Amino acid sequence: MAVPVPLGSEDRTARVTLRHPDSWRREDVSQADLRLSGDDVVLTVRSRPSDRGIGDENASLLERLPGSVDGLLLVGCDVWASVGAPARLVEYVRPGADHEDHESTAVAGAHLLFVTGRHRVDVTVERPLVRLDATDDAVFAVLDSVRAVGPVTAAAPRDLEPLPTAPTPQGIEGPRLDSDALSTLQSTAGKRWSPTLLRTPGGRGLVDAGLVGRFGTVPATTQTLIEPWAEAVQPTTLEQHLPDGRVSRLQAWAGTVVDGTDDGDSVVTRLAPERVVAIAAGRLGVGPTWTFPFRTGSLRADLLDRRLAGGDTAPDLPEHLAEADPRLARFWAAPWTVSYLRRPGTPRPVTIVRAEGNGFARVGRTDAGASAFRAESPANVYRSLVRAFLPAVPAAEG
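Because the structure is predicted, anything quoted here is derived from the model rather than measured.

Before going further, it helps to examine the nonpolar core. Ranked by size, the top nonpolar core spans 32 residues in total, and within it Leu-129, Leu-250, Val-286, Tyr-382, Leu-385 and Phe-389 carry the most contacts. Listed in part, the 27 residues of the second largest apolar core include Val-16, Leu-34, Leu-89 and Ala-110.

What follows is the structure, given as structure tokens:
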């Protein structure tokens, strides 16, 4: 639930009025109609003449954004209704330097685009990705306050424009280990290496992978790799049950990542947390997708559990629900990828369903035999990954 944010100050340009917290200060810049900054947030307003419709302008933005910065990820696109003009909200993440440490330099952006019939207006808000959760309430309160100034002649389109497909999931490079080798490697964390391990299948696997020398020497890179396992800390895990029955797990411990399937080898490597988030987003299929709510807010828990389990026992949606809620019926009938996001110390995983060609849904709490089940925007799915894999940091002083 959003927390009310006091918006005590108002600013305006020739095309926009908006309200913002008193702590945000106006900056004089020649390249923008307005720039405000404060609380790790930078807001910029730009406008230019244009008679194109919102669909064309949004398609142009979505086509241009990924190429503007190498590795930029589009995480969402929604119709925005409060401006008083046809509008879209596009969310993206711009990568920073590729650190192996815990520091993240990635930037989260929200780009509010609207058209008046004579002008295109861009309101962009950027802040550090690690501050996404902490700044969301303020950012969206400000975006909700944005209003078009002057006459608006542009009409809202009847049909929504096509959206680009999500990028191909990224693979992870690193030594490949079978289950014996991985168990042997994890068992050495916090202990002295025993040369007798060289005579075991797991030890030989570590030598073949280059993680241990032929005479039992353990390189510094391997010591760094296994260090997070010394304290027996549980990982953050993205477990995915794919439509073909395979199960994959992406596990992360403070920079050390293990990526594998139940019936195959695992890749072990070091990755910066923001890279883990990006890879997890690719595995989930995060990208711009129109999100439409279901009419049904909950389903019988036993029915939903059987559908989540998949396989030959997956049930059909009851006829009365399918007739009353066609969107839910289409979602239910499509192939599902069911993802469980598990965090240490949290008893219940976040359960996310991606229905092929139909977007995302989230499984909520079960009460009196019924489980909450609602459509979810890809941007909110991405937020779940940020909360899980990327530790938040406090605001910078000053």
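Additional details are given in the paragraphs that follow.
The residue Thr-236 is located in strand 12 (residues 236–241) in this model. Measuring from C-alpha to C-alpha, the distance between Thr-236 and Val-276 comes to 11 Å, with 40 residues separating the pair along the chain. Those residues within four positions of Thr-236 in sequence are excluded, and the remaining contacts are Leu-250, Gln-251, Ala-252, Arg-342, Arg-343, Pro-344, Ala-388 and Phe-389.

Now for the pairing of strand 12. Burial analysis of strand 12 places 5 of its 6 residues in the buried class, the great majority of the element. Bridging between strand 12 and strand 13 (residues 247–253) involves 6 bridges; their strand directions are antiparallel. Note that in strand 13 the partner of Gln-240 across the bridge is Ser-248. With antiparallel pairing between neighbouring strands as the criterion, strand 12 and strand 13 make up a hairpin whose turn holds 5 residues, including Gly-245 at a positive phi of roughly 95°. Note that strand 12 and strand 17 (residues 336–342) share 5 bridges and pair antiparallel. In the sheet register, Leu-238 faces strand 17, and the bridge partner there is Leu-341.

Spatially, the 3 strands line up as an open sheet ordered 1-2-10, and their pairing is antiparallel. The two strands at the open ends of the sheet, each matched to only one other strand, are strand 1 (9–12) and strand 10 (147–148). The pairing of strand 2 (residues 16–20) with strand 10 spans 2 bridges and is classified as antiparallel. Along strand 10, the bridge assignment pairs Thr-17 with Arg-147. Each of strand 2 and strand 10 touches helix 2 (residues 132–145); the most contacted strand, strand 2, lies at about 150° to it.

A few words now on the sheet that holds strand 8 (residues 107–115). Taken in spatial order, the 7 strands of this open sheet run 3-4-5-9-8-7-6, and their pairing is antiparallel. Two strands bound the open sheet, and with one partner strand each, they are strand 3 (25–27) and strand 6 (73–79). Strand after strand, the sheet turns through a mean of 20° between neighbouring axes, direction not considered. Bridge count for strand 7 (residues 87–94) against strand 8 is 8 bridges, and the pairing is antiparallel. Along strand 8, the bridge assignment pairs Val-90 with His-111. On the sheet, helix 10 (residues 378–389) packs against strand 6, strand 7 and strand 9 (119–128) and is oriented at approximately 135° with respect to strand 6.

Take the pairing of strand 14 (residues 256–261) next. Within a regular beta strand, the side chains point alternately toward one face of the sheet and then the other, so they alternate between its two faces. Most of strand 14 is tucked away, with 5 of its 6 residues classed as buried. With 6 bridges connecting them, strand 13 and strand 14 associate as antiparallel partners. Looking at strand 14, one finds that Ser-248 is bridged to Thr-261. Where strand 13 hands over to strand 14, the hairpin turn is made up of 2 residues, of which Ala-254 adopts a positive phi near 40°. Two strands pair when backbone bridges link them, and strand 14 and strand 15 (residues 266–270) are joined in this way by 5 bridges, in the antiparallel orientation. When the sheet's bridge partners are listed, Val-258 is paired in strand 15 with Val-268. Hairpin connection, strand 14 to strand 15: the antiparallel pair is bridged by 4 residues.

Contact geometry of helix 3 (residues 179–187) with helix 4 (residues 201–208) gives a least axis separation of 7 Å together with a crossing angle of 90°. Here helix 3 is positioned roughly perpendicular relative to helix 4, judged by the angle of their axes. Counted together, Asp-180, Ala-181, Thr-184 and Leu-185 of helix 3 and Pro-201, Gly-202, Gly-203, Gly-205 and Leu-206 of helix 4 form the full contact between these two elements. Of the residues assigned to the contact of helix 3 with helix 4, the class counts are 4 nonpolar, 4 polar and 1 charged.

Here we take up helix 7 (residues 301–309). Since there are 3.6 residues in each turn of an α-helix, residues three or four apart along the chain are aligned in direction. Residues of helix 7 that are buried: Ala-301, Leu-303, Leu-304, Arg-307 and Leu-308. Buried residues of helix 7 fall within an arc of 160° about the axis and therefore sit on the same side. Backbone geometry just after helix 7 places Gly-310 at a positive phi near 70°.

What follows is about the pattern of salt bridges. According to the stated counting rule, one finds 21 salt bridges in the structure shown. As a salt-bridge pair, Asp-133 and Arg-387 come within 3.1 Å of each other at their nearest N and O atoms. Residue Asp-133 is located in helix 2, and its partner Arg-387 is located in helix 10; the two are separated by 254 residues in the primary sequence. In this structure, Asp-244 and Arg-246 form a salt bridge, with 2.8 Å as the shortest nitrogen-oxygen distance. One salt-bridge network, held together by shared partners, links Arg-48, Arg-52, Glu-57, Arg-120 and Asp-122.

Thresholds applied
Residues numbered from 1 in each chain as written. Predicted model: local features only at pLDDT ≥ 70, side-chain atom pairs only at ≥ 80, totals over all residues. Heavy atoms only, no water. Core = buried A, V, L, I, M, F, W, Y, C linked by side-chain atoms within 4.5 Å. Buried < 20%, exposed > 50% of the residue type's maximum accessible area, 1.4 Å probe, protein only. Helix = DSSP H or I, 4+ residues; strand = E, 2+ residues; numbered from the N terminus. Contact = heavy atoms within 4.5 Å. Pairing = 2+ DSSP bridges. Axes fitted to C-alpha atoms, helices over the stretch in contact; angles between N-to-C directions. Parallel < 35°, antiparallel > 145°, perpendicular 65-115°, else oblique. Nonpolar A, V, L, I, M, F, W, Y, C, P; charged D, E, K, R; others polar. Arc of directions from axis to C-beta. Salt bridge = Lys/Arg side-chain N within 4 Å of Asp/Glu carboxyl O.

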